[in-house]
Amino acid sequence: MRILVTGKNGQLGRSLHKLVSEKKYDNEFIFVGREELDLSSESGINHYFDNNDKFDIIINCAAYTQVDKAEQEAELANQINHLAVKQLASIANKQQAKLMHISTDYVFDGESDKPYKETDKTNPINVYGKTKLAGEKALQETMPTDAIIIRTSWMYSEYGNNFVSTMLRLGKERDELNVVSDQIGSPTYATDLASAILEIIKSKEFREENQTTQIYHYSNEGEINWYEFAKEIFKIAKVDCKVNPITTQQYPTPAKRPKNTLMNKDKIAEIFNLKIINWKKSLGGYFQSI
Ligand SMILES: NC(=O)c1ccc[n+]([C@@H]2O[C@H](COP(=O)([O-])OP(=O)(O)OC[C@H]3O[C@@H](n4cnc5c(N)ncnc54)[C@H](OP(=O)(O)O)[C@@H]3O)[C@@H](O)[C@H]2O)c1
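Residues numbered from 1 in each chain as written. Predicted model: local features only at pLDDT ≥ 70, side-chain atom pairs only at ≥ 80, totals over all residues. Heavy atoms only, no water.

Caption draft 1: Molecular detail of the pattern of salt bridges. In total, this model carries 12 salt bridges according to the counting rule given. Close ionic contact of glutamate 36 with lysine 8 constitutes a salt bridge, the shortest N to O distance being 2.9 Å. With glutamate 36 in the loop between strand S2 (28–32) and helix H2 (42–50) and lysine 8 in the loop between strand S1 (2–6) and helix H1 (11–22), this residue pair connects regions lying 28 residues apart in the sequence. With relative accessibility at 34%, the residue glutamate 36 sits in the partly exposed group. In the salt-bridge network here, residues are joined through shared partners; they are Lys8, Glu35 and Glu36. (Salt bridge = Lys/Arg side-chain N within 4 Å of Asp/Glu carboxyl O. Helix = DSSP H or I, 4+ residues; strand = E, 2+ residues; numbered from the N terminus. Buried < 20%, exposed > 50% of the residue type's maximum accessible area, 1.4 Å probe, protein only.)

Structure representation (structure tokens):
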């Protein structure tokens, strides 16, 4: 099997690459970044697929992920998160390949008081969320079967910039930090999602042909806010920095953030028989690996 992974330099792409290189797989994994496959260019995408052998599975980890900048770069974000996804879906159709696409908790408005299920109403409140939702919809229309969408949230990893690496950097520079305490969710350690992805692509449920395209939710288990997350990061890393809880209103950003994006993970856990690890345990695993 030839498996294409886009976004090779991103958090999830690199976490997948690490797991794939540590184990022996019968499949051939091809990791590409924007140098090989630029999702901002329709002709670039066609050129890449016209010049490579066909794939059996495409895992799309690439995305325009700069939530605040997207407010100013809506067209580019839409090209990468929506139009390119539609194009990948139509190429996957032609190649009779399966498509796995990664989406976000930001498709929700965050006003619910319960963890979001896959069937709950979407209503994104920022440009990034809108373009990701448009990508999900275009994928479902173009590929009514043989694809899956995994929505994830609050991702961190050993790679690139993320909340954990930013807290560790700021915590060493400052004595005190203000962190938002009225946005609730659950972090996702990218290695956990990468390992779930590798389990899913091996499964009979994923490999069976003509299955209706499905959406799944995946993050670590548990419920926290960013302030609690920062406190736990400093506790484990033994960083002496005081954390003060503040409200979203006290920390204005160009893009609005949803208040509660906790997701219900029962569907993915049950269908693919996955054990979802609690966020605190995963954070411990992250600190062991750095
Ligand atoms: N991070 C989170 O908290 C979070 C939360 C919810 C959902 N998600 C979703 O999870 C997935 C993976 O996220 P991540 O955190 O791994 O993202 P990331 O670290 O920002 O990686 C995204 C990758 O996409 C690549 N990319 C951007 N524009 C591209 C283009 N025009 N052509 C080709 N590649 C391009 C980037 O390439 P360069 O390295 O060259 O810039 C980057 O390597 C995304 O679908 C994201 O929407 C993430």
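Caption draft 2: Molecular detail of the side chain of serine 15. Take serine 15: it is sitting in helix H1. Residue serine 15 is classed as buried on the basis of its relative accessible area of 2%. Residues contacting serine 15, with those up to four places away along its chain left out, are Ser157, Tyr159, Ala190, Thr191 and Ala194. (Contact = heavy atoms within 4.5 Å.)

Caption draft 3: Up close: the site of the ligand. Within the structure, the ligand sits among 24 residues, and Arg34, Leu39, Thr65, Tyr128 and Lys132 are positioned closest to it. Contact distances for the ligand include 2.8 Å between an oxygen atom and a side-chain N or O atom of arginine 34. Summarising the interface, the protein chains cover 83% of the accessible area of the ligand, which totals 900 Å² for the free molecule. Going through the elements one at a time, H1, strand S4 (98–104) and helix H4 (127–142) are the ones with two or more residues in the shell around the ligand. The element contributing the most residues to the shell around the ligand is S4, with 3 residues. Of the residues that constitute the shell around the ligand, the class distribution is 11 nonpolar, 9 polar and 4 charged. (Near = heavy atom within 4 Å. Polar contact = N/O pair within 3.5 Å; in protein donor to acceptor, adjacent residues only side chain to side chain. Areas by Shrake-Rupley, 256 points an atom, 1.4 Å probe, with all protein chains shown as cover. Nonpolar A, V, L, I, M, F, W, Y, C, P; charged D, E, K, R; others polar.)

Caption draft 4: A look at the sheet that holds S4. As summarised here, the arrangement of the 6 strands in space is S2-S1-S3-S4-S5-S10, forming an open sheet in which the pairing is parallel. Each having just a single partner strand, S2 and strand S10 (214–217) make up the two edges of the open sheet. Along the sheet, successive strands turn relative to each other by an average axial angle of 20 degrees, direction set aside. Sheet analysis places S4 next to strand S5 (residues 147–152), joined by 6 bridges and oriented parallel. Note on S5: the bridge partner recorded for leucine 99 is alanine 147. Contacts from H1 reach S1, S2, strand S3 (57–60) and S4 within the one sheet, and its direction differs from that of S2 by about 150 degrees. Relative to S4, helix H3 (residues 74–95) is tilted by about 160 degrees, and along the sheet it contacts S3 and S4. (Pairing = 2+ DSSP bridges. Axes fitted to C-alpha atoms, helices over the stretch in contact; angles between N-to-C directions.)

Caption draft 5: Here's a closer look at the packing of H3 against H4. At their nearest, the axes of H3 and H4 sit 8 Å apart, and the two run at 15 degrees to each other. The angle between H3 and H4 falls in the class roughly parallel. The handedness of the crossing between H3 and H4 is right-handed. Residues Ala74, Ala77, Asn78, Asn81, His82, Val85, Lys86, Ala89, Ser90 and Asn93 of H3 form the contact with H4, whose participating residues are Val127, Tyr128, Thr131, Lys132, Ala134, Gly135, Ala138, Leu139 and Thr142. In terms of residue class, the contact of H3 with H4 is built from 9 nonpolar, 8 polar and 2 charged. (Parallel < 35°, antiparallel > 145°, perpendicular 65-115°, else oblique. Left-handed = near helix turned anticlockwise from the far one by under 90°.)

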